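Remarks on the overall topology
Residue strings, one per chain:
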Amino acid sequence: MSSPETSPYKGTEAADHGPARHNEWPLWEIFIRGQHGLSHRHVGSLHAPDAEMAIKNARDVYTRRNEGVSIWAVEADHIAASSPEEKGSLYEPSNAKVYRHPTFFDIPEEVGAM
């Protein structure tokens, strides 16, 4: 997805977490890839002064039973997300591509119900 500054879709800007207090560390979103998984999943958030400390803290908090093989720490201010209210304009282009829908394919009888 494009950056919030160049996105053609409304509502795809980084969430405003408000200004950090001078005595508060930034918020980090933590993603962990499990031992048997191929993708990372969001497991939680934590405050840390930098990325290295965020990963170390995430290791201690979210992988106590040795269940992760990879940790991503992303500063929350740098995450861009689409807004659910704007889903129409975001997904509209795919509705015009009817060739992506399985209505043009004949299913052989031996396949049965799909």
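Coordinates for the structure precede this section.
One structure accompanies this document, and this report is about it. (Residues numbered from 1 in each chain as written. Predicted model: local features only at pLDDT ≥ 70, side-chain atom pairs only at ≥ 80, totals over all residues. Heavy atoms only, no water.)

With that settled, the discussion passes to the environment of Arg33. Along the chain, the position of Arg33 falls in strand S1 (residues 27–34). The sequence separation of Arg33 and Gly68 amounts to 35 residues, and the corresponding C-alpha distance is 5.6 Å. Beyond its immediate chain neighbours, meaning those up to four positions away, Arg33 contacts Leu38, Ser39, His40, Glu67, Gly68, Val69 and Ser70. (Helix = DSSP H or I, 4+ residues; strand = E, 2+ residues; numbered from the N terminus. Contact = heavy atoms within 4.5 Å.)

Another point: the pattern of salt bridges. Here the structure, examined in full by the defined rule, presents 2 salt bridges. Among the salt bridges present, the one from Glu52 reaches Lys56, with a minimum N-O distance of 3.3 Å. Residue Glu52 and its partner Lys56 are both found in helix H1 (residues 51–62); the two are separated by 4 residues, about one turn of the helix. What makes Glu52 exposed here is its relative accessible area of 52%. Note that Arg59 is salt-bridged to Asp60, the shortest N-O span being 3.1 Å. Residue classification places Asp60 among the partly exposed positions, given a relative accessible area of 44%. (Salt bridge = Lys/Arg side-chain N within 4 Å of Asp/Glu carboxyl O. Buried < 20%, exposed > 50% of the residue type's maximum accessible area, 1.4 Å probe, protein only.)

In this section: the sheet that holds S1. With antiparallel pairing, 3 strands are arranged side by side in an open sheet as S2-S1-S3. Both outer strands of the open sheet, strand S2 (40–47) and strand S3 (68–75), are each paired with one neighbouring strand and no more. When the angles between neighbouring strand axes are averaged without regard to direction, this sheet yields 25 degrees. Across 7 bridges, S1 lies against S2 in antiparallel orientation. Within S2, the residue paired with Trp28 across the bridge is Leu46. Against the sheet, H1 touches S1, S2 and S3, its axis set at about 110 degrees to S2. (Pairing = 2+ DSSP bridges. Axes fitted to C-alpha atoms, helices over the stretch in contact; angles between N-to-C directions.)

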